[in-house]
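Overview (structure and organization)
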Amino acid sequence: MTARSPDEAQLTEWMASLPRKRMGAGALLRDQDGRVLLVEPVYQDAWVVPGGVVEADESPHAGCRREVAEELGLDRPPGRILSVDWVPAEPGRTEALVILYDGGELSEQEIAAITLPPDELASFAFCTPGEVGAKVRPAVGRRIGESLAALAGGTVAALEDGRPVS
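Here is a short report on the structure shown in this document. (Residues numbered from 1 in each chain as written. Predicted model: local features only at pLDDT ≥ 70, side-chain atom pairs only at ≥ 80, totals over all residues. Heavy atoms only, no water.)

Concerning the overall build of the protein
The cut-off we apply is this: Under the DSSP-based scheme used, a helix requires at least four consecutive residues in state H or I and a strand at least two consecutive residues in state E, with every element numbered from the N terminus. Partly exposed describes any residue whose relative accessible area lies between the buried limit of under 20% and the exposed limit of over 50%, with all areas from a 1.4 Å probe on protein chains only and scaled to the type maximum. Two residue types count as positive, namely Lys and Arg, and two as negative, namely Asp and Glu; His and chain ends fall outside the count. For this purpose, a charge sits on NZ of Lys, CZ of Arg, CG of Asp or CD of Glu.
Along its length, the protein carries 5 helices and 8 strands. Taken from N to C terminus, the helices and strands of the protein fall in the order α-β-β-β-α-β-β-α-β-α-α-β-β. Reported as C-alpha extents along the three principal axes, the dimensions of the protein are approximately 60 × 40 × 35 Å. By the burial criterion, 37% of the 166 residues in the protein qualify as buried. A gap of 4 Å separates the mean positions of the 16 positive and 27 negative side-chain charges of the protein.

Okay, structure coming up:
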């Protein structure tokens, strides 16, 4: 066993003192009419895009692909990043960073093949951009709207709680 030098010990202590943030990744999937795919979790009232928490030692890209496969039964590699959103802490939840990827357009065959895990998701729906706000939390609605604008404009949206960073 080798002893650590004082510099290694200080670095280890400093690293342990850094803040911890949750990270999430999701896919903005659409049908051939441009409607957004939303899923209905069984554990909350508001709908979300397919995705979830990025696990330890997992990249956001890999986490997004894994979550889409787990939630929809579809193995689709995520496209480019559409938005990066810092989400402030709220009671019972730490602050988070959420990355939304372009999930692309689903074919009729892929839509027919969607299988939801019944212990996690109750249903799914395709919604026009105007319908999204009625199903999701306000910050998620803002994030989806800004991500759609980034998709159309070929840009990436830098967001804080779903609002563009000025």
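As for the pairing of strand S1 (residues 22-30)
In plain terms, the rule: Between any two strands, at least two bridges found by DSSP are needed for them to pair.
Within S1, 7 of the 9 residues are buried, which leaves it mostly tucked inside the rest of the structure. Of the pairings in the sheet, the one linking S1 to strand S5 (residues 96-105) comprises 9 bridges and is parallel in character. Across the sheet, the residue bridging to glycine 26 is leucine 100, located in S5. The pairing of S1 with strand S3 (residues 51-53) spans 3 bridges and is antiparallel.

Some words on the pattern of salt bridges
Using the following cut-off: Salt bridge, as applied in this entry: a Lys or Arg side-chain nitrogen positioned within 4 Å of an Asp or Glu carboxyl oxygen.
In the structure shown here, the tally under the stated rule is 13 salt bridges. Notably, a salt bridge pairs arginine 35 with aspartate 31, separated by 2.6 Å at the nearest N-O pair. The class for arginine 35 is partly exposed, based on a relative accessible area of 32%. Look at the salt bridges and you will find they share partners, linking Glu55, Glu58, Arg66, Glu67 and Glu70 into a network.

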